Amino acid sequence: MALQVELIPTGEIIRVVHPYRPCKLALGSDGVRVTMESALTARDRVGVQDFVLLENFTSEAAFIENLRRRFRENLIYTYIGPVLVSVNPYRDLQIYSRQHMERYRGVSFYEVPPHLFAVADTVYRALRTERRDQAVMISGESGAGKTEATKRLLQFYAETCPAPERGGAVRDRLLQSNPVLEAFGNAKTLRNDNSSRFGKYMDVQFDFKGAPVGGHILSYLLEKSRVVHQNHGERNFHIFYQLLEGGEEEMLRRLGLERNPQSYLYLVKGQCAKVSSINDKSDWKVVRKALTVIDFTEDEVEDLLSIVASVLHLGNTHFAADEESNAQVTTENQLKYLTRLLGVEGSTLREALTHRKIIAKGEELLSPLNLEQAAYARDALSKAIYSRTFTWLVGKINRSLASKDAESPSWRSTTVLGLLDIYGFEVFQHNSFEQFCINYCNEKLQQLFIELTLKSEQEEYEAEGIAWEPVQYFNNKIICDLVEEKFKGIISILDEECLRPGEATDLTFLEKLEETIKHHPHFLTHKLADQRTRKSLDRGEFRLLHYAGEVTYNVTGFLDKNNDLLFRNLKETMCSSKNPIMSQCFDRSELIDKKRPETVATQFKMSLLQLVEILKSKEPAYIRCIKPNDAKQPSRFDEVLIRHQVKYLGLMENLRVRRAGFAYRRKYEAFLQRYKSLCPETWPTWAGRPQDGVAVLVRHLGYKPEEYKMGRTKIFIRFPKTLFATEDALEVRRQSLATKIQAAWRGFHWRQKFLRVKHSAICIQSWWRGTLGRRKAAKRKWAAETIRRLIHGFILRHAPRCPENAFFLDHVRTSFLLNLRRQLPRNVLDTSWPTPPPALREASELLRELCLKNMVWKYCRSISPEWKQQLQQKAVASEIFKGKKDNYPQSVPRLFISTRLGADEISSKVLQALGSEPIQYAVPVVKYDRKGYKPRSRQLLLTPNAVVIVEDAKVKQRIDYANLTGISVSSLSDSLFVLHVQREDNKQKGDVVLQSDHVIETLTKMALSADRVNNININQGSITFAGGPGRDGIIDFTPGSELLITKAKNGHLAVVAPRLNSR
Ligand SMILES: Nc1ncnc2c1ncn2[C@@H]1O[C@H](COP(=O)(O)OP(=O)(O)OP(=O)(O)O)[C@@H](O)[C@H]1O
Ligand SMILES: [Mg+2]
């Protein structure tokens, strides 16, 4: 089943794509951890994260293939159980940030992808919880990344550990000790531009709270030969170049130096003073700053740099042979500077450089040196000065790192974490004494490694109650013994050769070796080799079969380097140095001590034994660094080189030991936690002991008895394939679980949301109800109060105004006034008016009047002139007839019309006869003859001056208003009227009896035109009128059923007027 995995450069899986069940696991960048096991599913592409899970664990090819796969994906870290294998990426992978530190803090080692920080954190937690000292051993060949790893570890601790209560500067000092040590102890070599030329073991002390409170550094065997000689393409120690590049002019002048490395013989041997990857100038600044942090005073810095400068001056010191072939110093200038910088007598130094002091039979003799010897003595002095200064520097740093609180109680409960960054196994074309020491060191560490790994493996099995099955492995103790054994070991033989009187040389040493250890299976020389191998060995060489491979050493220089001789007079001279650092480095007791100092090899052996003791007393953790190529290039995986390293780092051995028993082991809790979903009985929770749960689980999974063992706290699985099958099953199971979890989560999420909304709604509701209730209560209270006051006021309403009834009275008043607004009369005829309270009676009357006036005023303003005239006429009619004539009420609703005859109905002749006189009103009338009372149809016209009676086209009678003395009508409902005319007017024939259907209208208009409003007589019973000259007529009116106008027998005109209902 192939799974595709997408990765980000940090090595975390961000997407796992299953071929049959498409799924996306959003993991990775945002801190979601991918457990180690889940990455197992990605093994096709990125290999396994732990080599113990390699099916074919004995195959070196499979091992390297796994490394290659991971390296291709920028996954530089892989485990072999608890051991971390690291491949130098030669590029910044951005995997050491603060976030990465946080990600690896406090998590279980196997739950996160392999990382240096995982080791760092595990070690730190073990240190804190178990309170046991820890040691991280970092090994690998030059350029494999040991120093980088050490720095990253220190950085991790500096940034993640709590700060100590006092002396917080320790953290800075721990970090800053690095650049200083690197400046003095590192150099560019062919293998590494920043190669550590000394071994380093650093202890960091933590107080009981886990804060770093102090530190201590042990250094091992500085490669001091580099001071006077470098191979082609290599450099001297960084500090020389940094000083020349970065030192201020003034300082260089004081030290007598030129800003040019080419001027110094000790710096030109390798012919590569400038290296593109190194910035000496900026490094100088870092070193200068670091010196201050680690407590260097300005004077101390000056003294230290004087020594560095003096080494350069020594390198430029030349000799010439005098007549007797004795060497003489020719470079006076250098001598002058040396005298000043080292604080020694010029003459003493000159003598010491060119003579050797021999003590024979208690007498001191000075023997001159030849040129070669003088050069040798000078170089020996340079090396001694530099290496002792380096040792002093380490001491100085240690004083600065030492906890200032050593006396406090917390100091006693400190725990120590050791970091070992030591040179890895080295094989060159030509290997010398240094390689011999270095490789011996690696043998010792390998032995310790095997011992401790096997021991811990064994201890684990014992602790878990599982039968220990002996593991076949190569124990390199035999090689360690070959080197270090007393009397028979190579070091002993070398020391013996160095010490014995007589002509001891490197070759006699070789012979001695051949003689003493010729039967040793790991030792070979030209002489001891068989025909075939002899070809690959020179006569001056011996070969050791190290655990990591064969190395051929050339014995040239072994004795010299082991003796490390510095002529006595040079020592004496240096002991008298005024430079405080030099005087500490060269102690007078050395001169007095008659005992020969220990040889270099013995010193180294002893320091290694001590180191092994230190490491043994601590819980070990391992980081095995591998260099992927010699070109220092990223993404290049040189298989031959890597295979070699895998071999000599003993990684296969390591894996075999680890796999000898079981490939995989986990605490029951962790195992059950991870796989419980695969068994219905253990899912979702197992109530019993985890161990029983695991038993049920593995039975359900069908594990065969030979595939696993149950320990006391852990399950041990023998083959990776068993685990992988379980992993695959889990991966499939996960999909369905993920869906279920998603659904459950969504349900939960929405339910939570719903409950929140519901709760909020209830809150709002209750708040609102509260508000409404309070408002209502307030209103009720107010209402009750008001009613109470009203009742009170009502009871006292007749009393004079007082506080008790004031409200009521005001209320009555206000409500009357407010109601009044709505109950005002609608028109002038509406006489309704609300009854006012007693206090407002007068005001009410005034208001009523005002209101009426206002209505009238409004009415008047709104009426048209025609209507006004109509009303005026109606008013006049009312004045005249109201209550006096029976048919008046019937006329009231009928409008008066301006005229009852149109202009076309009046003859033009009449109009002509009237001339300019306008006709104001015309109406058809019936005229009754004065004698016979014959009715005749006539037209009655009113002009401004007269009443005109017209018969067809003829004006029959014109009565000027002046002659109209009165008008008479009856009080009944008839429509007769009589116009009384002036008798004196002869033209007039007498009064005129007329009848109009519109009698009220006609008479009103006439009365108005003739101004005879007061001259209308309304008679009861009868009217007398002048019928002609000297003869009066009488009209009798009687009420009857219908209108009847006849001439009565008595000669009167009898008018029966119908009775009207209204009367
Ligand atoms: N983890 C890493 N990430 C990026 N670059 C690295 C890493 N480790 C090492 N390097 C690169 O490799 C170079 C060599 O590493 P380092 O100096 O640590 O090697 P070393 O094992 O200490 O070698 P030596 O034994 O010579 O001191 C570093 O200068 C750096 O450029
Ligand atoms: Mg290093």
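The shown structure was predicted, so the numbers you read here are calculated from the model rather than taken from an experiment. (Residues numbered from 1 in each chain as written. Chains lettered and ligands numbered in written order. Predicted model: local features only at pLDDT ≥ 70, side-chain atom pairs only at ≥ 80, totals over all residues. Heavy atoms only, no water.)

### Description of the overall build of the protein
At step 1: Of regular secondary structure, the protein possesses 37 helices and 33 strands.
At step 2: In terms of C-alpha radius of gyration, the protein reaches 68 Å, well past the compact-globule figure of 31 Å for 1063 residues.
At step 3: Seen through its principal axes, the protein has C-alpha atoms that stretch 215 × 80 × 70 Å.
At step 4: For the protein, the proportion of its 1063 residues judged to be buried stands at 51%.
At step 5: Partitioning the intrachain contacts of the protein with sequence separation of at least 6 by distance along the chain shows that 63% fall at a separation of at least 24.
At step 6: Carbon and sulfur atoms make up 53% of the accessible area of the protein, which totals about 51,700 Å².
At step 7: Computed over 156 positive and 126 negative side-chain charges, the separation of the two mean positions in the protein equals 14 Å. (Helix = DSSP H or I, 4+ residues; strand = E, 2+ residues; numbered from the N terminus. Rg over C-alpha atoms; globule rule 2.2 N^0.38 Å. Buried < 20%, exposed > 50% of the residue type's maximum accessible area, 1.4 Å probe, protein only. Contact = heavy atoms within 4.5 Å. Areas by Shrake-Rupley, 256 points an atom, 1.4 Å probe, with all protein chains shown as cover. Lys, Arg positive; Asp, Glu negative; His and termini not counted. Charge placed at Lys NZ, Arg CZ, Asp CG, Glu CD.)

### Observations regarding the packing of aromatic side chains
At step 1: Under the counting rule described, the total for this entry stands at 33 aromatic pairs.
At step 2: Centroid distance Phe425 to Tyr547: 6.1 Å. Interplanar angle 70°. Geometry classified as edge-to-face. Within this pair, whereas Phe425 is found in the loop between β14 (415–421) and α17 (433–464), its partner Tyr547 is found in the loop between β16 (541–546) and β17 (549–554), the two being separated by 122 residues in sequence.
At step 3: Judged by relative accessible area, Phe425 falls into the buried class, the value being 2%.
At step 4: The buried category is assigned to Tyr547, whose relative accessible area is 14%.
At step 5: Feature note: the residues Phe433, Phe436, Phe509, Phe523, Phe542, Tyr553 and Phe558 constitute an aromatic cluster, connected by ring pairs.
At step 6: Lying over the aromatic face of Phe449, Arg624 brings its terminal NZ or CZ to 4.2 Å of the ring centre.
At step 7: In this structure, Arg789 is placed above the aromatic ring of Phe807, and the distance from its NZ or CZ to the ring centre is 4.1 Å. (Phe/Tyr/Trp six-rings, centres within 6.5 Å; stacked < 30°, edge-to-face > 60°. Lys NZ or Arg CZ within 6 Å of the ring centre and 35° of its normal.)

### Describing the pairing of strand β32 (residues 1044–1047)
At step 1: Pairing analysis gives four bridges linking β32 to strand β33 (residues 1053–1058), with the strands arranged antiparallel. Bridging across to β33, Lys1047 finds its partner in Leu1053.
At step 2: Linking two consecutive strands that pair antiparallel, namely β32 and β33, is a turn of five residues; a positive phi of about 85° is found at Gly1051 within it. (Pairing = 2+ DSSP bridges.)

### Examining the side chain of Lys714
At step 1: The residue Lys714 is located in strand β21 (residues 714–717) in this model.
At step 2: Residue classification places Lys714 among the buried residues on the basis of a relative accessible area of 17%.
At step 3: Leaving out residues up to four positions away in the same chain, Lys714 has contacts with Glu460, Glu464, Arg665, Arg666, Lys667, Tyr668 and Lys709.

### Overview of the UniProt feature "binding site: ATP" (unreviewed entry) in the protein
At step 1: The feature "binding site: ATP" (unreviewed entry), as given by UniProt, occupies Gly140, Glu141, Ser142, Gly143, Ala144, Gly145, Lys146 and Thr147 in the numbering adopted here.
At step 2: Relative to the helices and strands, Gly140 resides in strand β5 (residues 134–140).
At step 3: According to the relative accessible area criterion, Gly140 is buried, its value standing at 1%.
At step 4: You can see Glu141 is positioned in the loop between β5 and α6 (146–160).
At step 5: Take Glu141: its relative accessible area is 5%, and that puts it in the buried class.
At step 6: Among all residues touching Glu141, those that are not within four sequence positions of it are Lys146, Arg191, Gly424, Phe425, Cys625, Lys627, Leu641, Gln645 and Tyr648. (UniProt positions renumbered as here; feature names shortened; annotations may be inferred.)

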